[in-house]
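# Summary of structural features
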Amino acid sequence: NAGVTQTPKFRVLKTGQSMTLLCAQDMNHEYMYWYRQDPGMGLRLIHYSVGEGTTAKGEVPDGYNVSRLKKQNFLLGLESAAPSQTSVYFCASNQPGTGDSPLHFGNGTRLTVT
Amino acid sequence: AQSVTQLDSQVPVFEEAPVELRCNYSSSVSVYLFWYVQYPNQGLQLLLKYLSGSTLVKGINGFEAEFNKSQTSFHLRKPSVHISDTAEYFCAVLLNQAGTALIFGKGTTLSVSS
């Protein structure tokens, strides 16, 4: 059981380049999330999805787009990368309901924008 | 609005000493509270959670936390730490309703030395 899988694990981009981060989960979870983690800032929510075909903005959505075309996949896109987007990106998933459903995290994607 | 404040960014301790990592939250409604742990180069794992009932909750690896509604706190404790407990710890809050993403604190780095 793979859980939450993120690809790629590492990436270096030049300013202005674009890329897509892929998150895949095999737990049939309805909800999926993209967070970024920066030193001293904790995890900040970028976008999330409460089901296939739906997305919503989180705390820091600017500069990112997302898509949830299939229930098991949640894509995070950077159309024109900026150095401020250098970060570690984490995908997570869980089931909706009473809160008794912990987030399952991937191992992260380390992105450097030069 | 809800927020989470972790009062210490770094906590250095010696092996076998007790430790407390402090977390305060602000919310006008009832909440669910969580502690997550992140080991180096990994995603986050759930340590423990408070949903309702007993205010003292026990988690994995010998950790426990106490929910204090009057002080709006959810401090994490362990009576005797090991070198392997060295990690970053995140407190998080979820509004008591479905469909709301977790809000994380900025994290506390626990460093255990011999």
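Residues numbered from 1 in each chain as written. Chains lettered and ligands numbered in written order. Predicted model: local features only at pLDDT ≥ 70, side-chain atom pairs only at ≥ 80, totals over all residues. Heavy atoms only, no water.

## A few points about the interface of chain B and chain A
With 23 residues of chain B at the interface, the matching set in chain A holds 22 residues. Note on chain B versus chain A: buried area summed over both sides is about 1,700 Å², and carbon and sulfur give 58% of it. Here chain B and chain A share 0 salt bridges between them. Applying the counting rule to chain B against chain A returns 4 residue pairs in polar contact (both at pLDDT 80 or more). Broken down by secondary-structure element, the contributors of at least two residues to the side of chain B that touches chain A are strand S5 (31-38), strand S6 (44-50), strand S10 (87-95) and strand S11 (103-104) of chain B. Broken down by element, the side of chain B that touches chain A gets its largest block of residues, 4 residues, from S5 of chain B. For the side of chain B that touches chain A, the residue count by class is 13 nonpolar, 7 polar and 3 charged. (Contact = heavy atoms within 4.5 Å. Buried area = accessible area lost by both parts, 1.4 Å probe. Salt bridge = Lys/Arg side-chain N within 4 Å of Asp/Glu carboxyl O. Polar contact = N/O pair within 3.5 Å; in protein donor to acceptor, adjacent residues only side chain to side chain. Helix = DSSP H or I, 4+ residues; strand = E, 2+ residues; numbered from the N terminus. Nonpolar A, V, L, I, M, F, W, Y, C, P; charged D, E, K, R; others polar.)

## Overview of the nonpolar core
The biggest cluster of nonpolar side chains holds 29 residues, and the ones touching the most others in it are Leu33, Trp35, Leu47, Leu48, Phe74, Leu76 and Tyr89 of chain B. Counting 21 residues, the second largest nonpolar core, distinct from the first, contains Tyr48 of chain A together with Phe34, Leu44 and Leu102 of chain B. (Core = buried A, V, L, I, M, F, W, Y, C linked by side-chain atoms within 4.5 Å. Buried < 20%, exposed > 50% of the residue type's maximum accessible area, 1.4 Å probe, protein only.)

## As for the pattern of salt bridges
This model, assessed by the stated rule, comprises 8 salt bridges over all chains. We note a salt bridge from Glu30 of chain A to Lys71 of chain A, for which the minimum N-O separation is 2.9 Å. Taken as a pair, Glu30 of chain A in the loop between strand S3 (19-25) and strand S4 (31-38) and Lys71 of chain A in the loop between strand S7 (65-67) and strand S8 (73-78) lie far apart in primary sequence, 41 residues in all. By relative accessible area, which is 27% here, Glu30 of chain A ends up partly exposed. For the salt bridge of Arg77 of chain B with Glu66 of chain B, the shortest nitrogen-to-oxygen distance reads 3.4 Å.

## Here we look at unusual backbone geometry
For the bond from Thr7 of chain A to Pro8 of chain A, the omega torsion is -5°, close enough to zero to count as cis. Along the chain, Pro8 of chain A falls in the loop between strand S1 (4-7) and strand S2 (10-13). Notably, Glu16 of chain B is not glycine yet its phi reads approximately 75°, a positive angle. Relative to the helices and strands, Glu16 of chain B resides in the loop between strand S2 (10-14) and strand S3 (19-21). With a relative accessible area of 60%, Glu16 of chain B lands in the exposed category. Positive phi, normally seen in glycine, also occurs at Thr72 of chain B, with a value near 45°. Looking at the element boundaries, Thr72 of chain B is found in the loop between strand S8 (64-68) and strand S9 (73-78). A relative accessible area of 28% means that Thr72 of chain B is categorised as partly exposed.

## Looking at the pairing of S3 of chain A
All names here are of chain A. Burial along S3 is one-sided: Met19, Leu21, Cys23 and Gln25 are buried, and none of Thr20, Leu22 and Ala24, which face the opposite way, are. Sheet analysis places S3 next to S8, joined by 6 bridges and oriented antiparallel. Bridging from a neighbouring strand, Ala24 pairs with Asn73 of S8. (Pairing = 2+ DSSP bridges.)

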